[in-house]
Amino acid sequence: MSGNTLQKAIDLVTKATEEDKKKNYEEALRLYEHAVEYFLHAIKYEAQSDKAKESIRAKCITYLERAEKLKEYIKGGKKKPVKDSGNSSDGGDKKGEDSDDDGEKKKFQHKLEGAIVVEKPNVNWDDVAGLEAAKEAL
């Protein structure tokens with residue numbers, strides 16, 4: 001079962017980029033958000049090496065930034081979408097929507113931070129209370 005979550009995340013982000021290129025921004029946004037959730041799960045439960053975790057984190061940040069740009073475009077009804085690799089320099093006249101976007105961005109950043117393990121916890125089997133049947137099964 002190892003690797004299924006990561007592969008699902010990769011599949012979702014591939015579909016998201018395809019929808020993004022087709023200018024189907026609502027679907028692309030939905031797919032980017034789901035892909036990031038799968039990537040976060042993969043970081044937490046599947047990725048073994050620190051290098052792999054860091055690589056996934058970097059990709060998550062990229063996808064989150066793109067999702068934020070798409071969300072801004074969808075909410076604002078701009079004439080042109082913000083380019084995938086471009087910097088967002090316009091949008092200073094939408095302060096109310098920016099605060100909503102900031103809240104969403106903070107939410108995703110919080111999820112991402114929650115998936116980052118800085119150090120290994122020193123937890124033994126004896127430290128976990130209960131679940132004796134589950135411990136025996138493992």
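Reference entry: report on the structure contained in this document. If you're wondering where the values come from, they're calculated on a predicted model, not measured in any experiment.

So, the packing of helix α2 (residues 25-45) against helix α3 (residues 50-76)
Taken N-terminus to C-terminus, the directions of α2 and α3 make an angle of 155 degrees; their axes are 9 Å apart at the nearest point. Put simply, α2 runs roughly antiparallel to α3. Read as a crossing pair, α2 and α3 show a hand that is left-handed. Residues Tyr25, Glu26, Ala28, Leu29, Tyr32, Glu33, Val36, Phe39, Leu40 and Ile43 of α2 lie in contact with α3, whose contacting residues are Lys53, Ile56, Arg57, Cys60, Tyr63, Leu64, Arg66, Ala67, Leu70, Lys71, Tyr73 and Ile74. Along the lines of polarity and charge, the residues of the contact of α2 with α3 split into 16 nonpolar, no polar and six charged.

Topic: helix α1 (residues 4-21)
When the terminal C-alpha atoms of α1 are compared, their 26 Å separation across 18 residues agrees well with the 26 Å that a helix rising 1.5 Å per residue should span. Every buried residue of α1 is listed here: Thr5, Ala9, Leu12, Val13, Ala16, Glu19 and Asp20. Buried positions in α1, seen along its axis, are confined to an arc of 120 degrees and lie on one side of it. Turning to α1, the residues buried within the fold contact α2 and α3. Note on α1: the residue one or two positions beyond its end, Lys23, has a positive phi of about 65 degrees.

Thoughts on the nonpolar core
One finds Val13, Tyr32, Val36, Phe39, Cys60, Tyr63 and Leu70 to be the most contacted residues of the largest nonpolar core, which totals 22 residues. Secondary structure elements with two or more residues in this core: α1, α2 and α3. If one sorts the elements of this core by residue count, α2 sits on top with 10 residues. If we ignore the near neighbours within four places in the chain, the residues touching Tyr63 are Val13, Tyr32, Val36 and Phe39.

Thresholds applied
Residues numbered from 1 in each chain as written. Predicted model: local features only at pLDDT ≥ 70, side-chain atom pairs only at ≥ 80, totals over all residues. Heavy atoms only, no water. Axes fitted to C-alpha atoms, helices over the stretch in contact; angles between N-to-C directions. Helix = DSSP H or I, 4+ residues; strand = E, 2+ residues; numbered from the N terminus. Parallel < 35°, antiparallel > 145°, perpendicular 65-115°, else oblique. Left-handed = near helix turned anticlockwise from the far one by under 90°. Contact = heavy atoms within 4.5 Å. Nonpolar A, V, L, I, M, F, W, Y, C, P; charged D, E, K, R; others polar. Expected span 1.5 Å × (residues − 1). Buried < 20%, exposed > 50% of the residue type's maximum accessible area, 1.4 Å probe, protein only. Arc of directions from axis to C-beta. Core = buried A, V, L, I, M, F, W, Y, C linked by side-chain atoms within 4.5 Å.

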